[in-house]
Amino acid sequence: MMSARVGLSSATRRVAFAPAIGRNQITLRTVIPKRGVQIQSLPSSASEEILNAQRLKRPSSPHFTIYQPQLTWLSSIANRATGGALSVLLYGFSLAYLVAPGTFDSVHIVEFIAGLPDYVKYTGKVILAAPFTFHFWNGLRHLSWDMGKFLSLKGAYRAGYAVLGATALSTVALVLM
């Protein structure tokens, strides 16, 4: 039996062991023609106009238009709004007292409120008591969530309705004081 040597020629070996990236680039260069790219510089006002035109084509945030209002996200928004409003009221009164302490002391405030009609007093009490009590009770609900309570959907809704009921009762109680 005759033994024969089987091997690759040097040209075949170069093609077989050449990196695939190099082979593909050479093939692509010959197939795809080159095209020139022209760059046009724009003034800053033109680029801003293009950006504004693109922004007008974007859809607005869909959460108010496509989602059904739910107690959980409505109460979250209301909690933030009442917290902000109460903060503005507190800081506004504090700054007013710092600027004019003789005008905003308790004696002058009591005299001013005593001179108002009853319906204005009760309306003012409701305007102050409702956000305060809602923020208080909803804060307790958030603390219960932090402790791992009422985390199911049913529990979140029960706690939400409990907050609304407690807010209504405590608002009435504060107004009638």
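Our structure is the block above this text.
A brief report on the enclosed structure follows. Residue positions are given per chain, counting from 1 as you read along its sequence in written order. Only residues with pLDDT of at least 70 get local features here, since the model is predicted, and only at 80 or more are side-chain atom pairs given and counted; chain-wide, interface and lining totals rely on the full set of residues. Hydrogen atoms and water are omitted, and side-chain values are computed over all heavy atoms in the structure.

**Re the overall build of the protein chain**
Applied cut-off: Strands here mean DSSP runs of E at least two residues long; helices mean DSSP runs of H or I at least four residues long; both are numbered from the N terminus. By definition in these notes, contact holds between two residues if any of their heavy atoms fall within 4.5 Å. Only the protein chains shown count as cover for residues, and the accessible areas themselves come from Shrake-Rupley with a 1.4 Å probe.
What the protein chain contains, in helices and strands, is 8 helices and 0 strands. Start at the N end of the protein chain and walk to the C end: the helices and strands fall as α-α-α-α-α-α-α-α. Expressed as a percentage of contacts within the protein chain between residues at least 6 apart in sequence, the contacts between residues at least 24 apart total 68%. A total accessible area of about 14900 Å² is found for the protein chain, and carbon and sulfur atoms account for 68% of it.

**Side note on the packing of aromatic side chains**
Spelled out, the test is: To pair, rings of Phe, Tyr and Trp, with the six-membered ring standing in for Trp, must have centres within 6.5 Å; the planes then decide the type, stacked if under 30 degrees apart, edge-to-face if over 60, and tilted in the middle. Exposure classes here rest on a 1.4 Å probe applied to the protein chains alone. A residue is buried below 20% of its type maximum, exposed above 50%, and partly exposed in between.
One pass over the full model with this rule turns up 3 aromatic pairs. The interplanar angle of 90 degrees and the centroid separation of 6.3 Å between the aromatic rings of Phe93 and Phe104 together place this pair among those described as edge-to-face. Of the two residues, Phe93 sits in helix α5 (residues 71-99) while Phe104 sits in the loop between α5 and α6 (106-114), which places them 11 residues apart along the sequence. Judged by relative accessible area, which is 39%, Phe93 ranks as partly exposed. Overall, Phe104 belongs to the partly exposed group, its relative accessible area being 32%. Consider the rings of Phe136 and Trp137, whose centres lie 4.9 Å apart with planes at 75 degrees: the pair is edge-to-face.

**Some words on helix α8 (residues 153-175)**
An α-helical segment advances 3.6 residues per turn. Residues three or four places apart therefore align on the same side. Spelled out, the test is: By this rule, a helix spans an expected 1.5 Å times one less than how many residues it contains.
Between its terminal C-alpha atoms α8 stretches 33 Å, which fits the 33 Å expected from 23 residues at 1.5 Å a residue. Where α8 is buried, its residues touch α5 and α7 (118-146).

**Observations regarding the side chain of Ser75**
For Ser75, the location among the structural elements is in helix α5. Discounting chain neighbours no more than four positions away, the residues touching Ser75 are Phe134, Asn138 and Arg141.

**Description of the side chain of Asn79**
Note that Asn79 resides in helix α5. If we ignore the near neighbours within four places in the chain, the residues touching Asn79 are Phe134, His135, Asn138 and His142.

**Re the pattern of salt bridges**
The criterion, for reference: Every case where a carboxyl oxygen of Asp or Glu lies within 4 Å of a side-chain nitrogen of Lys or Arg is listed as a salt bridge.
The full count for this structure, using the stated rule, is 1 salt bridge. When the shortest N-O distance is used, the salt bridge between Lys121 and Asp118 registers 3.9 Å. Of this pair, Lys121 and Asp118 both sit in helix α7, 3 residues apart, which is roughly one turn of the helix. Here Lys121 falls in the partly exposed class, since its relative accessible area comes to 25%. Judged by its relative accessible area of 52%, Asp118 is exposed.

**A closer look at α5**
With 29 residues, α5 should cover 42 Å at 1.5 Å per step; its first-to-last C-alpha distance of 41 Å lies within 8% of that length. Among the residues of α5, Leu71, Ser75, Asn79, Thr82 and Gly83 are the ones counted as buried.

**Here we look at the packing of α7 against α8**
The cut-off we apply is this: Each axis is a line fitted through C-alpha atoms, taken for helices only over the stretch in contact, and angles between the N-to-C directions span 0 to 180 degrees. Note on angle classes: values under 35 degrees are labelled roughly parallel, values over 145 roughly antiparallel, values of 65 to 115 roughly perpendicular, and the remainder oblique. What makes a crossing left-handed is the near helix being turned counterclockwise from the far one by less than a right angle; a clockwise turn instead makes it right-handed. All amino acids are sorted into three groups, where Ala, Val, Leu, Ile, Met, Phe, Trp, Tyr, Cys and Pro are nonpolar, Asp, Glu, Lys and Arg are charged, and the leftover types, Gly among them, are polar.
Between α7 and α8, whose axes approach to 8 Å, the crossing angle comes to 150 degrees. With respect to α8, the axis of α7 lies roughly antiparallel. The element α7 and its partner α8 pack so that their crossing is right-handed. Packed against α7, whose contacting residues are Tyr122, Lys125, Val126, Ala129, Ala130, Thr133, Phe134, Trp137, Asn138, Arg141 and Trp145, the element α8 presents Ala156, Ala159, Gly160, Val163, Leu164, Ala166, Thr167, Ser170, Thr171, Leu174 and Val175 at the interface. Here the residues of the contact of α7 with α8 sort into 14 nonpolar, 6 polar and 2 charged.

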